[in-house]
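Here is what each chain is made of, one letter per residue.
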Amino acid sequence: AVRSARTCFVSSRLEGLNKAYGTLIMAAEPTFDAVKDVILARPIDVVAVKGKVTGVRVFEPIAKLSDATADDRRFVAACTRALDAYLARDFASAAKAWDDALAVRPRDDASMLMKARSLGYAAAPPPADWNGAHVMHEK
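Residues numbered from 1 in each chain as written. Predicted model: local features only at pLDDT ≥ 70, side-chain atom pairs only at ≥ 80, totals over all residues. Heavy atoms only, no water.

Caption draft 1: Just the packing of aromatic side chains, in detail. In the structure shown here, the tally under the stated rule is 8 aromatic pairs. When the centroid spacing of 5.5 Å and the interplanar angle of 70° are considered together, the rings of F91 and W130 count as edge-to-face. One end of the pair, F91, is in helix 4 (residues 91-104); the other, W130, is in the loop between helix 5 (109-123) and strand 4 (134-135), with 39 residues separating them in the sequence. By the burial criterion, F91 is buried, and W130 matches it. Relative to W130, the ring of Y121 lies with its centre 5.5 Å away and its plane at 70°, an arrangement referred to as edge-to-face. On the accessibility criterion, Y121 (22% relative accessible area) is partly exposed. The buried category is assigned to W130, whose relative accessible area is 14%. Clustering of aromatic rings is evident, with ring pairs tying together Y86, F91, W98, Y121 and W130. Here the guanidinium or amino end of R105 rests over the ring plane of F75, the centre of that ring lying 4.5 Å away. (Phe/Tyr/Trp six-rings, centres within 6.5 Å; stacked < 30°, edge-to-face > 60°. Helix = DSSP H or I, 4+ residues; strand = E, 2+ residues; numbered from the N terminus. Buried < 20%, exposed > 50% of the residue type's maximum accessible area, 1.4 Å probe, protein only. Lys NZ or Arg CZ within 6 Å of the ring centre and 35° of its normal.)

Caption draft 2: Representation of the environment of A85 within the structure. Structurally, A85 is set in helix 3 (residues 70-87). Along the chain, A85 and S118 lie 33 residues apart, while their C-alpha atoms are 9.5 Å from each other. Leave out the neighbours within four places in its chain, and A85 touches D90, S93 and A94. (Contact = heavy atoms within 4.5 Å.)

Caption draft 3: Spatial organisation of the pairing of strand 3 (residues 56-64). Relative to strand 3, strand 1 (residues 27-28) runs antiparallel, the two sharing 2 bridges. Looking across to strand 3, one finds that A27 is bridged to F59. The pairing of strand 2 (residues 39-48) with strand 3 spans 8 bridges and is classified as antiparallel. For V47, the partnering residue across the bridge sits in strand 3 and is V56. (Pairing = 2+ DSSP bridges.)

Dropping the structure here:
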């Protein structure tokens, strides 16, 4: 019951994050792990939702794996490279990879947001104890 309550809490917070990232639905990593053999999803960010201090990687479902197009797969690959570079503090490479994602989906709000954040960190790096989690202060 505790795990279920925790999952519902995070899920309700993630629902509110869709507006910030321009997505319709997102899932935390444990949920994505349960469906990754069936669903193609792109990583968006690591987020510490309001009321939490630990970040969780969040994903946006893109397509059923069986229905995924080459563009869907390119988009997800670019987003994966981008977030991996971002978390490794390689912000210039992250921004470039988000450009690759935007080449496939030019109006993708989440990629634009993460590219801008990467460029900001490239110009003014986060503190040494930065763990990659973006702390959300709104529900």
